[in-house]
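Chain and residue survey
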Amino acid sequence: MLKAIDHKIMHCYPGMVAIVTVSHQGEDNVMSAGWHSYMSYDPPIYGVAIGPERYTHHLVKGAGTFAINFLPREKAKFIQEAGSYSGVDLNKFDHSSMSYKPGPATGSPILQDAYVAYECETIDYHTYGDHDWFVGDIVQFHINQDKFLENGIPDFRKLSIPLYLGRSLYTSIDQNSRFDSHRIIKE
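This text gives an overview of the structure that appears in the document. (Residues numbered from 1 in each chain as written. Predicted model: local features only at pLDDT ≥ 70, side-chain atom pairs only at ≥ 80, totals over all residues. Heavy atoms only, no water.)

Here we look at the pairing of strand β4 (residues 45-50)
Of all six residues in β4, six are buried, a share of seventy percent or more. Residues Ile45, Gly47 and Ala49 point to one face of β4 and Tyr46, Val48 and Ile50 to the other, with burial holding for every one of them. Sheet analysis places strand β3 (residues 36-40) next to β4, joined by four bridges and oriented antiparallel. Within the sheet, the bridge partner assigned to Tyr38 lies in β4 and is Tyr46. (Buried < 20%, exposed > 50% of the residue type's maximum accessible area, 1.4 Å probe, protein only. Helix = DSSP H or I, 4+ residues; strand = E, 2+ residues; numbered from the N terminus. Pairing = 2+ DSSP bridges.)

A short note on the pattern of salt bridges
Following the criterion strictly, the structure yields four salt bridges and no others. Ionic pairing is found between Asp155 and Arg157, a salt bridge with its closest N-O pair at 3.0 Å. Relative accessible area serves as the criterion here: at 5%, Asp155 is assigned to the buried category. A salt bridge links Asp180 to Arg178; the nearest nitrogen and oxygen atoms lie 3.0 Å apart. Residue Asp180 is classed as partly exposed on the basis of its relative accessible area of 48%. Looking at Arg178, the relative accessible area reads 70%, which means it is exposed. (Salt bridge = Lys/Arg side-chain N within 4 Å of Asp/Glu carboxyl O.)

See below:
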């Protein structure tokens, strides 16, 4: 039974963590973001929440572009490090030996270990509470097609997707996960 309580709870996890990358004035940076979402399919628009105290915030705001990368479970340590360290103090790419190439559309770093990445051009950002929500047109898609089935669903024999539980803990969706179909056929 639900009970009303007098303190905040945060129940948006487990969830996928997006890796935000940006290049601005010769500096490349990366951060983990737990709050992100597709906002429109046509045209393709993606949004991500970034706290103004984050170094990435300054870079994304200045660049007007960013990329969203999704990494497999074996990169969960990097995902945690990218959200724990500041780019002011440390080059997180070098620290973790994470390779990337500049995206052809925006120049934002595209992580070579990502299974999906979106290059985005910022079309808006707005402050909501203690975070800014950056909204971007997806101008270039990247996919490791070896990790997906023909129907577009991840091939869990080849890909384990990390889910962040909170408090530096991760689990995953993989070939050992249970999958239930609840397809509704309308007549």
